[in-house]
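# Fold and geometry: a report
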Amino acid sequence: MQAHQPYQASVPPSPPTVPTAGRGPLVAALLIGLLVGGGGVGMAWALTGGPSDAGSSAMDDARGACEALDGVDASKLSTRGKAGEQALYRFAGATALATAAAAGDSSYKPLAEAITRARNRQNQVFQVDATVKKELAEARGICADL
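Notes on the structure in this doc start here. Not measured: the values here are computed from a predicted model.

As a further point, take the pattern of salt bridges. Taken as a whole and judged by the stated rule, the model has 5 salt bridges. In this structure, arginine 117 engages glutamate 135 in a salt bridge whose closest nitrogen and oxygen atoms are separated by 3.0 Å. Taken together, the residues arginine 117 in helix 4 (residues 109-125) and glutamate 135 in helix 5 (residues 130-144) connect sequence positions 18 residues apart. A relative accessible area of 35% means that arginine 117 is categorised as partly exposed. Linking glutamate 135 and lysine 134 is a salt bridge whose minimum nitrogen-to-oxygen distance equals 3.3 Å. Bridged by salt links that share partners, the residues Arg117, Lys134, Glu135 and Glu138 form one connected network.

Listed below in structure tokens is the structure:
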């Protein structure tokens, strides 16, 4: 019988390591890229006059409210389906824009109040009654004078 030798696991030699540079050059390159990119964006912004201010005035909000109100077909506010849903969303949009206009300039408060009264009444009775029609006519009259 042969003598058993103890099992010896063979361990592969570790691969040679390549000396690596520190992270310093990578971090520096990233920071330089960030600064150059940010400077380029800042320069472009300065040359073009910065962000657009279009649509940010109270007058623009009031005009938007009137445009949304123009798209509201009162006869569809109480109907089911996509047409009624679209009319309700336009009505809500007109209300929100008129309220924003009034917040920016109190001269638009009558517009916001008329649209809000019409919307609140329609929400109370779930139909377009004489009161809703009266308030919508008042709001549309204010819009005609803008």
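This part is about the packing of aromatic side chains. Between two aromatic rings, the relevant description is the distance of the centres plus the angle of the planes. The tally for this structure, following the rule as stated, stands at 0 aromatic pairs. Over the aromatic face of phenylalanine 91 sits the side chain of arginine 119, whose NZ or CZ is 5.8 Å from the ring centroid.

It is worth spelling out unusual backbone geometry at this point. A positive phi is found at phenylalanine 126, a non-glycine position, where the angle reads about 60°. Of note, phenylalanine 126 is situated in the loop between helix 4 and helix 5.

With that out of the way, let us pick up the state of the cysteines. Inspection of the entire model under this criterion finds 1 disulfide. Between the sulfur atoms of cysteine 66 and its disulfide partner cysteine 143 the distance amounts to 2.0 Å. Judged by the torsion about the S-S bond (-85°), the cysteine 66/cysteine 143 disulfide is left-handed. Of this pair, cysteine 66 sits in helix 2 (residues 58-70) while cysteine 143 sits in helix 5; the two residues are 77 residues apart in sequence, bridging distant segments of the chain. According to the relative accessible area criterion, cysteine 66 is buried, its value standing at 7%.

What counts, and at which threshold
- Residues numbered from 1 in each chain as written.
- Predicted model: local features only at pLDDT ≥ 70, side-chain atom pairs only at ≥ 80, totals over all residues.
- Heavy atoms only, no water.
- Salt bridge = Lys/Arg side-chain N within 4 Å of Asp/Glu carboxyl O.
- Helix = DSSP H or I, 4+ residues; strand = E, 2+ residues; numbered from the N terminus.
- Buried < 20%, exposed > 50% of the residue type's maximum accessible area, 1.4 Å probe, protein only.
- Phe/Tyr/Trp six-rings, centres within 6.5 Å; stacked < 30°, edge-to-face > 60°.
- Lys NZ or Arg CZ within 6 Å of the ring centre and 35° of its normal.
- Disulfide = S-S within 2.5 Å.

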